[in-house]
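Now for the letters of each chain:
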Amino acid sequence: MISFSHVYKTYRGNEGRASHALRDVSLEIQKGEFVFLTGPSGAGKTTLFRLMSAFDRPSSGVASVAGYEIAQLTAATLPHFRRRIGVVFQDFKLLRDRTVFENVALPLDIRGDTGSSLQRRVMDGLDGVGLAHKADEFPESLSGGEQQRVAIARALIHKPGLLIADEPTGNLDPELSAEIMNLFERANAQGTTVFVATHDHAMVKSRAKRVLKIHAGQMGEGLWVSP
Amino acid sequence: MGFSLIAQDLKQVLRTWRRQPVTASATLVVLSASLALIGFMLVTSLNMKRILATWGEKVHLSVYLEDDVSPNVISALQAKLKSMPDVRDVEMISKKQAADFFREQMASYAPDLLDDSEFATPFPASLKVHLAEGINQDGSVERMDAMAKSIGGLDGVEDVSYGQSWVRSYSSFFQTVSAGGAVIGLILLMGSLFVIGNSVRASINQRRDEIEILELVGASREAIRRPYLIEGLIIGFIAALIALTINLGLFVWEVGLMKSSFAFARMATEIRYLNPLEAIGFVAVATMIGGMASLFTVRSLNDGWAAARRVRGDA
Ligand SMILES: Nc1ncnc2c1ncn2[C@@H]1O[C@H](COP(=O)(O)OP(=O)(O)OP(=O)(O)O)[C@@H](O)[C@H]1O
Ligand SMILES: [Mg+2]
């Protein structure tokens, strides 16, 4: 599902000095896997997810996701690729002047779904993150944790083949975090490949999944075994 | 589905305007004003062309005959004139006809004059030479000069006249005004494009986040661009309607003014506003320009990688 080979992402600093946010990253994630990504702040987690969601292109190396090579995506193929994946961005990326309902409905909306089936799916999705009662509110009036759950509902609403979530429980209390993780596991059980970045070591430990570690732009691998 | 899509786009356009009412109305005002100017020049130039054409039809050479010229000479002269290349028709105006015509003309301008008994001036008989179409227009003033000169030398001809001075000055005035109008029109048109593009750019900047997010969830380029295209079309359309309304008001006012003035009363009946077809054309062109300006603007941002482009220092 995801295959990176010697991928670099290089930013040029203020004095023109190049710094590598990702350095020679190679990794393989199979279809149907559930994988955690951990690493300290500034390690490159968001950078990695940006490349995976074709938010941005690698500076060098080959990154392919869901059968598409990121660097080769064109304006015409880009939407097709993005409709196949679901992304929870660290900063949520909700539309400010659309309601919670409209935000969650977006992935269905853009592929032309309408009517009562859309209505039902969106309300089910909101129910799953415990926000059905906020359907008609605007994101601005929600708490950080609530906005995060709206972003999660939106990322899952179209049953994507791949879910990428950048610290999806960063603003949530332990109970809510556990519920969201259960939601991801349910999606995973239905065939969605899940890749989640998190700082929450306790949660990673408790779930006994494959774990990738990133540090200063470089990848390592480890497996947490539940006690 | 198509209908609900457009309804959604309209909703977005309204949302944009509600958020930036000042920008939106400033755009509308500037655009309406420049379209009104363009429209004014259009009306002016159309009317000048019309007047030139209708007056042109009336342009003819008056060949005044010597006082006691024989009928034989007249018919020979008539035949000779008819055989000239630019002549459409030759008409005999007798002394009596000339006097009647003069009286009739005077009746509308200066009725008092007719009561003046001194005004029974005898008029010479003449041949009215109607010219073939086209000769009175552009650049043919020289041709008419040459023609008048050669006719002046013919047997039985006393004098030739054709309103040389006004034909010449009107046609050169018209050419100057048309050229000047075209230049100003072009400048205004470019200004309008800029204004529309700018307004759409403002709403795009305001909606940069939205475009990025729509791209990131996989909305197609067309779906993202459509609301902006529609915004441009609407701005162009509304501004054109406002401009036409302003122009019509000005035109009616102007005609009223001309009617009340002796010198222009006759002209007031000859000029007209844009006919419905021209008005529709004007609105259609302005609407299209609006759509195009916004399309060009949105195209520069919405390429699928809008979000990535904002990342600074990308190597
Ligand atoms: N646009 C950019 N320009 C320059 N440097 C950047 C840019 N984006 C990220 N970086 C750098 O790349 C490195 C990795 O950043 P990244 O956001 O991927 O970290 P992270 O692992 O997601 O951290 P966090 O846990 O705090 O979210 C950082 O050192 C950061 O300063
Ligand atoms: Mg991050």
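Refer to the preceding data block for the structure.
A brief look at the structure comes next. (Residues numbered from 1 in each chain as written. Chains lettered and ligands numbered in written order. Predicted model: local features only at pLDDT ≥ 70, side-chain atom pairs only at ≥ 80, totals over all residues. Heavy atoms only, no water.)

Take the overall build of chain A next. Per the secondary structure count, chain A includes seven helices and 10 strands. Since a compact globule built from 227 residues should have a radius of gyration of about 17 Å, the 17 Å found for chain A is in line with a globular shape. By its C-alpha atoms, chain A is 50 × 50 × 35 Å across when sized along the principal axes. The buried share among the 227 residues of chain A stands at 52%. Looking at chain A as shown, the accessible area adds up to about 9900 Å², and 47% of this sits on carbon and sulfur atoms. The averaged location of the 25 negative side-chain charges in chain A is 5 Å from the averaged location of its 27 positive side-chain charges. (Helix = DSSP H or I, 4+ residues; strand = E, 2+ residues; numbered from the N terminus. Rg over C-alpha atoms; globule rule 2.2 N^0.38 Å. Buried < 20%, exposed > 50% of the residue type's maximum accessible area, 1.4 Å probe, protein only. Areas by Shrake-Rupley, 256 points an atom, 1.4 Å probe, with all protein chains shown as cover. Lys, Arg positive; Asp, Glu negative; His and termini not counted. Charge placed at Lys NZ, Arg CZ, Asp CG, Glu CD.)

Further remarks concern the interface of chain B and chain A. Of the residues lining the interface, 30 residues belong to chain B; the matching set on chain A comes to 30 residues. For the pair chain B and chain A, the two sides together bury roughly 2600 Å², of which 55% comes from carbon and sulfur. Linking chain B with chain A are two salt bridges. With a closest N to O distance of 3.1 Å, B:Glu210 and A:Arg98 form a salt bridge. Between the two partners, chain B and chain A, sit three residue pairs in polar contact (both at pLDDT 80 or more). (Contact = heavy atoms within 4.5 Å. Buried area = accessible area lost by both parts, 1.4 Å probe. Salt bridge = Lys/Arg side-chain N within 4 Å of Asp/Glu carboxyl O. Polar contact = N/O pair within 3.5 Å; in protein donor to acceptor, adjacent residues only side chain to side chain.)

All names here are of chain A. Taken together, Thr46 (OG1) and Gln90 (OE1) make up the full set of protein donors to the magnesium ion (ligand 2), lying 1.8 to 2.3 Å away. Taken together, the residues Thr46 in helix H1 (residues 45-52) and Gln90 in the loop between strand E6 (85-88) and helix H3 (100-109) connect sequence positions 44 residues apart. The class for Thr46 is partly exposed, based on a relative accessible area of 29%. (Donors = N, O, S within 2.8 Å, 3.2 Å for Na, K, Ca; no water.)

All names here are of chain B. The end-to-end C-alpha separation of helix H3 (residues 71-82) is 16 Å, in line with the 16 Å expected for 12 residues at 1.5 Å each. Along H3, the positions that sit buried rather than exposed are Ile74, Leu77 and Leu81. Here the buried residues of H3 occupy an arc of 65° about the axis, which is enough to place them on one side. (Expected span 1.5 Å × (residues − 1). Arc of directions from axis to C-beta.)

Next up on the list: the sheet that holds strand E4 (residues 157-161) of chain B. All names here are of chain B. Pairing is antiparallel in the open sheet, where four strands are placed in the order E2-E3-E1-E4. On the outer flanks of this sheet lie strand E2 (87-93) and E4, each paired with one strand and no other. Between one strand and the next, the sheet's axes are offset by a mean angle of 20°, whatever the strand orientation. Pairing of E2 with strand E3 (residues 126-131), which is carried by six bridges, proceeds in the antiparallel orientation. In the sheet register, Asp89 faces E3, and the bridge partner there is His130. Relative to E2, H3 is tilted by about 160°, and along the sheet it contacts strand E1 (60-65), E2, E3 and E4. (Pairing = 2+ DSSP bridges. Axes fitted to C-alpha atoms, helices over the stretch in contact; angles between N-to-C directions.)

Residues and elements named next belong to chain A. It is the contact of helix H5 (residues 144-156) with helix H6 (residues 174-189), at a shortest axis distance of 12 Å, that shows an interaxial angle of 5°. Regarding the angle of H5 to H6, the classification is roughly parallel. Within the contact between the two elements, H5 uses Arg149, Ile152 and Leu156 and H6 uses Leu176, Ile180, Leu183, Phe184 and Ala187. Grouping the constituent residues of the contact of H5 with H6 by class yields seven nonpolar, no polar and one charged. (Parallel < 35°, antiparallel > 145°, perpendicular 65-115°, else oblique. Nonpolar A, V, L, I, M, F, W, Y, C, P; charged D, E, K, R; others polar.)

With that settled, consider the side chain of B:Ser62. Residue and element names in this part refer to chain B. On the secondary structure map, Ser62 appears in strand E1. Judged by relative accessible area, Ser62 falls into the buried class, the value being 12%. If sequence neighbours within four positions are ignored, Ser62 has contacts with Leu127, Asp159, Val160 and Ser161.

What follows covers the site of ligand 1. Ligand 1 sits among 15 residues. The nearest are A:Ser41, A:Gly42, A:Lys45, A:Thr46 and A:Thr47. Positioned at a junction of chains, ligand 1 has nearby residues supplied by chains A and B. Take A:Gln90: an N or O atom from its side chain is 3.0 Å from an oxygen atom of ligand 1. A:Glu167 places a side-chain nitrogen or oxygen 3.2 Å from an oxygen atom of ligand 1. Contact with the protein chains covers 70% of the free accessible surface of ligand 1, which is 630 Å². In the shell around ligand 1, the residues fall into five nonpolar, seven polar and three charged. (Near = heavy atom within 4 Å.)

Let us now look at a nonpolar patch on the surface. On the surface, B:Ile242, B:Ile246, B:Leu250, B:Trp253 and B:Leu257 cluster together to form a nonpolar patch covering roughly 470 Å² of accessible area. Relative to the elements of secondary structure, B:Trp253 occurs in helix H9 (residues 221-259). (Patch = residues over 30% accessible without salt bridge, like charges linked within 9 Å, V, L, I, M, F, W, Y side chains within 5 Å.)

Before going further, it helps to spend a moment on the pattern of salt bridges. Residues and elements named next belong to chain A. Tallying each qualifying case throughout the model produces 10 salt bridges over all chains. Of the charged contacts in the structure, one is a salt bridge between Asp113 and Arg111, with a shortest N-O distance of 3.2 Å. Of the residues examined, Asp113 reaches a relative accessible area of 22% and is grouped as partly exposed. Across the salt bridge formed by Lys134 and Glu146, the nearest N and O atoms sit 3.8 Å from each other.

Distances and angles like these do not, on their own, reveal function.
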